[in-house]
Amino acid sequence: MGARVGLFGGMMGNASRTDPRAAAQEFGRLLAQGEEIHAAYQLIRDSFLFTDRRLILVDKQGVTGRKVEYHSIPYRAITHFSVETAGTFDLDAELKIWLSGTAEPIAKQFGKGVDVYEVQALLSTFVR
């Protein structure tokens, strides 16, 4: 049942946590020498990775997903962020990240099984 919940959450736009080692194998070509992935989250096709140096958003585009945009955000570009926990009737948590020079935040939805406090701690550690 857990796989079905994860799949359903992905279809609804909610991210679920994935193994950072598996993400490092899949996205290793994006990483600088010595850069480590501390946490990884995945939607159906898209991913986002928290490394020790930056946040990487992986956006697979089109029907086939062969065209991929890799968006690298140095933590120093993040001006502030917010984490909203899931409620009783609201089954997802939300992360919003504001970047310097932009008015609208990047928003990501997390399934109820994701520890948004962990995401908060990661950002608090790396955003200076």
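Think of each chain on its own: its residues are numbered from 1, step by step along the sequence as written. Where totals are concerned, whole chains, interfaces and linings use all residues; where local detail is concerned, this predicted model gives features only for residues with pLDDT of at least 70, and gives and counts side-chain atom pairs only at 80 or more. The basis for every side-chain value is the complete set of heavy atoms in the structure, and neither hydrogens nor water enter the calculation.

In the nomenclature of an unreviewed UniProt entry, the protein chain corresponds to PH (Pleckstrin Homology) domain-containing protein from the organism Saccharopolyspora antimicrobica.

## So, the pattern of salt bridges
Pairing is possible between side chains of opposite charge, provided their charged atoms come close. Any Lys or Arg side-chain nitrogen found within 4 Å of a carboxyl oxygen on Asp or Glu counts as a salt bridge. Applying the stated criterion across every chain yields a total of three salt bridges. Notably, a salt bridge pairs Asp-19 with Arg-21, separated by 3.5 Å at the nearest N-O pair. Three exposure classes are used, based on accessible area relative to the maximum for each residue type with a 1.4 Å probe and protein chains only: buried under 20%, partly exposed in between, and exposed over 50%. According to the relative accessible area criterion, Asp-19 is partly exposed, its value standing at 34%. Of the residues examined, Arg-21 reaches a relative accessible area of 64% and is grouped as exposed. For Arg-54, the salt bridge goes to Glu-35, with nearest N and O atoms at 2.8 Å. Residue Arg-54 is located in strand β4 (residues 54-61), and its partner Glu-35 is located in the loop between α2 (20-27) and β2 (37-42); the two are separated by 19 residues in the primary sequence. Each helix corresponds to a stretch of at least 4 residues labelled H or I by DSSP, and each strand to a stretch of at least 2 residues labelled E; elements are numbered beginning at the N terminus.

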